[in-house]
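Here is how the chains run, residue by residue.
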Amino acid sequence: MENEAKAPERLLRKESVEEKDARELVRQEKYLERAKLYVGELEAVLGRQPTYHVQNFGCQMNARDAEKLSGILETAGFTETADESADFVIYNTCTVRDNADQHFYGRLGRASHWRKSNPYMKIAVCGCMMQEAENVAKIKKSYPYVNLVFGTHNLFRFPEYLCGVYENRGEQFDIRGKKIVDIWDSTDEIVEDLPVARKYPYKSGINIMFGCNNFCTYCIVPYVRGRERSREPKDIIQEVERLSADGVVEVMLLGQNVDSYGKDLADPVSFAQLLEAVAEVPGIRRVRFMTPHPKDISEETLQVIRRHKNIARHVHFPLQSGSNEILKRMNRRYTREQFIERALRIREVIPDAAITTDIIAGFPGETAKDVDDTIDVIRKVRFDNAYTFVYSMRHGTPAAQMEQVPEEQVKEGFDRILAAVQDSAKEQTARQQGMVKEALCEEVNAQLEGYVTCRLSNNLIVHVPGDASMIGRFFNVKLEECRGFYYFGHVTDEPETDPGY
Ligand code: 5AD
Ligand code: SF4
């Protein structure tokens, strides 16, 4: 409009992304204050503190999201319980493979039973499955007792939805009857800094970016988590500094494809630069990251790891398949030769690093010869550990249109791959016999009285005699008794075995 054209420039200035995010944070903090009042009212009715339960499915990203949901619920006045009949139950779903979907619907079905024993119970569902329209429709139709549904892009609005659930009305969101359903297709907002309830006092995940642009043909992630968006490095470093001040000694930088980090920022930064800056934050004794992409991992990143002893000696390096034909159809954009070359370069630059991987068995068109090629890569790289998955058809992905492999053949390939990775993992584990390594004590061993479970920089687990006072602290441990994929050992005064570089 003409009038607008004459408005002073100050008024026309577009709100920056950061200003918008900050404004949204303030909005949600206000809702959180309001939620406290509702939870207080609920407490008066119940005559006890209201309880919450977060049922989490899926990956490290979801685990971090679950900590955010818990933080908001705790700040609002709920206390955590392991009981699925809590006053507020939230299911944080995963849709990467079909078995996670089925598992979730089973749990949600049982929730109707819990609800009968607790008339004040509210049920919420969020996470990746909710980004798929068919799941939202199914919940609306078949699970009428669900009070709240939201997705991955608007998790930061949880305080607002929480108020809505107890007010039984909506402001920004669609409300039908008592149900609140709000799903966004995407977002450019990154609203962090709401309260987080960390599961472990000594370690924490940190989102450095969201989404994925790769579109591997089997994968649903780009559709449910959207395009890549990086957080500003200064915000990440500040978060690491705050965590360190709060006693956190280990951080894990999280992204679907961390090597793409920073490319979308106004002032581009490389992942290697970010990793180095995080490793230099005082008090941070161990830095992990998840997940790099074999097509993108840079020499610069490997050199940063080599230079900084507090960056974990562990690279998770997802192979998916060792057949060039299958890799092409997966749209992985590397060949088996390139993968092997890069993996061996990791071994060369960081000789004591463990290399772990993900492999999919039964991708459309996979033959016994393709499986042989995968096993050949396993033997050449000698993975220290691997997750092997049966291919799961995801609606809306290109691979869902390809000709599927018969179940029998999938199983045969899966078993052969599994045997090969187990051989390789056992061999790699056994090689560490007698070494002394620094370990972080993570928890009391639930099965073995008088023992604690520790993790090495290379992700290897070692059980040693000890007690709860050791949790969150580092010790040198001697790896004494190899039990396949883990060790028994002892805390020792001996220095660490020299890695030779
Ligand atoms: N079927 C089986 N496995 C899959 N993954 C991702 N999508 C699928 C699918 N449709 C696996 C990949 C990825 C890991 C997180 O999950 O191996 O690296
Ligand atoms: Fe999925 Fe590929 Fe992105 Fe990983 S890199 S999240 S497998 S599309």
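A. The arrangement of the overall build of the chain in detail. Looking only at helices and strands, the chain has 15 helices and 20 strands in total. Whereas a compact globule of 501 residues would reach a radius of gyration of roughly 23 Å, the chain reaches 24 Å, a difference of no more than 12%. Residues counted as buried form 55% of the 501 residues belonging to the chain. Within the chain, contacts between residues separated by at least 24 positions form 75% of all contacts whose residues are at least 6 apart in sequence. Just so you have it, the chain exposes about 22,700 Å², and 50% of that area is on carbon and sulfur atoms. Treating the 67 positive side-chain charges of the chain as one cloud and the 78 negative ones as another, the clouds have centres 2 Å apart.

B. How the structure looks around the pattern of salt bridges. One pass over the full model with this rule turns up 42 salt bridges. One salt bridge in this structure joins Lys36 and Glu33, with 2.9 Å as the shortest N-O distance. One end of the pair is Lys36 and the other is Glu33, both in helix α3 (residues 17-46) and three residues apart, which spans about a single turn. The class for Lys36 is partly exposed, based on a relative accessible area of 31%. Using a relative accessible area of 46% as the deciding quantity, one classes Glu33 as partly exposed. Residues Lys234 and Asp235 are paired through a salt bridge, measuring 3.4 Å at the closest nitrogen-oxygen approach.

C. Quick peek at the packing of helix α13 (residues 336-349) against helix α14 (residues 368-381). Interaxial distance between α13 and α14 falls to 10 Å at its minimum, and their mutual angle equals 15 degrees. If you check the angle between α13 and α14, you find them roughly parallel. Read as a crossing pair, α13 and α14 show a hand that is right-handed. Here Arg336, Phe339, Ile340, Ala343, Leu344 and Arg347 of α13 come into contact with α14, specifically with Asp373, Asp376, Val377, Lys380 and Val381. Its residues placed into classes, the contact of α13 with α14 shows six nonpolar, no polar and five charged.

D. Region of the structure containing the site of ligand 1. For ligand 1, the full set of nearby residues is Val96, Arg97, Tyr218, Gln320, Asp358, Ile360, Phe389, Val390, Tyr391, Ser392 and Arg394. Measuring from a nitrogen atom of ligand 1, one finds a backbone N or O atom of Tyr218 at 3.0 Å. Isolated, ligand 1 exposes 400 Å² of accessible area, and the fraction of that covered by the protein chains is 85%.

E. Just the confidence of the model for the chain, in detail. Here the chain shows a mean pLDDT of 93. Residues at 70 or above account for 95%. When the criterion is pLDDT under 50, residues 169-177 qualifies, and its contacts beyond four places in sequence or with other chains add up to 22 contacts.

F. Local environment of the pairing of strand β7 (residues 179-182). Side chains Lys179 and Val181 of β7 all project onto a buried face; the interleaved residues Ile180 and Asp182 project onto the opposite face, where all are buried too. Alignment of strand β5 (residues 148-150) against β7, held across three bridges, turns out to be parallel. Its bridge partner being in β7, Val149 is matched across the sheet by Val181.

G. Highlighting the state of the cysteines. Under the defined criterion, the tally for this structure stands at zero disulfides. In this structure Cys441 is not part of a disulfide, and its nearest cysteine sulfur, from Cys454, lies 4.3 Å away. Here Cys441 falls in the buried class, since its relative accessible area comes to 0%. Sulfur of Cys482: no disulfide; nearest cysteine sulfur belongs to Cys454 and is 16 Å away. The partly exposed category is assigned to Cys482, whose relative accessible area is 28%.

H. Region of the structure containing the packing of aromatic side chains. Under the defined criterion, the tally for this structure stands at 23 aromatic pairs. Ring centres of Phe88 and Tyr166 lie 6.5 Å apart, and the angle between their planes is 40 degrees; this geometry places the pair in the tilted category. Placement of Phe88 in strand β3 (residues 88-93) and of Tyr166 in helix α7 (residues 158-167) is noted, with a sequence separation of 78 residues between them. Overall, Phe88 belongs to the buried group, its relative accessible area being 0%. Among the aromatic residues, ring-to-ring pairing joins Phe57, Tyr91, Phe104, Tyr105, Tyr143 and Tyr145 into one connected group.

I. Examining the pairing of strand β20 (residues 487-491) more closely. Bridging between strand β18 (residues 461-465) and β20 involves two bridges; their strand directions are parallel. If you follow His463 over to β20, its bridge partner there is Phe488. Looking at chain direction, strand β19 (residues 474-482) and β20 are connected through five bridges and run antiparallel. When the bridges of β20 are listed, Val477 appears paired with Val491. Here β19 hands over to β20 after four residues, with Gly484 in that stretch at a positive phi of 85 degrees.

Here is what the cut-offs are and how they apply
- Residues numbered from 1 in each chain as written.
- Chains lettered and ligands numbered in written order.
- Predicted model: local features only at pLDDT ≥ 70, side-chain atom pairs only at ≥ 80, totals over all residues.
- Heavy atoms only, no water.
- Helix = DSSP H or I, 4+ residues; strand = E, 2+ residues; numbered from the N terminus.
- Rg over C-alpha atoms; globule rule 2.2 N^0.38 Å.
- Buried < 20%, exposed > 50% of the residue type's maximum accessible area, 1.4 Å probe, protein only.
- Contact = heavy atoms within 4.5 Å.
- Areas by Shrake-Rupley, 256 points an atom, 1.4 Å probe, with all protein chains shown as cover.
- Lys, Arg positive; Asp, Glu negative; His and termini not counted.
- Charge placed at Lys NZ, Arg CZ, Asp CG, Glu CD.
- Salt bridge = Lys/Arg side-chain N within 4 Å of Asp/Glu carboxyl O.
- Axes fitted to C-alpha atoms, helices over the stretch in contact; angles between N-to-C directions.
- Parallel < 35°, antiparallel > 145°, perpendicular 65-115°, else oblique.
- Left-handed = near helix turned anticlockwise from the far one by under 90°.
- Nonpolar A, V, L, I, M, F, W, Y, C, P; charged D, E, K, R; others polar.
- Near = heavy atom within 4 Å.
- Polar contact = N/O pair within 3.5 Å; in protein donor to acceptor, adjacent residues only side chain to side chain.
- pLDDT = per-residue confidence, 0-100.
- Pairing = 2+ DSSP bridges.
- Disulfide = S-S within 2.5 Å.
- Phe/Tyr/Trp six-rings, centres within 6.5 Å; stacked < 30°, edge-to-face > 60°.

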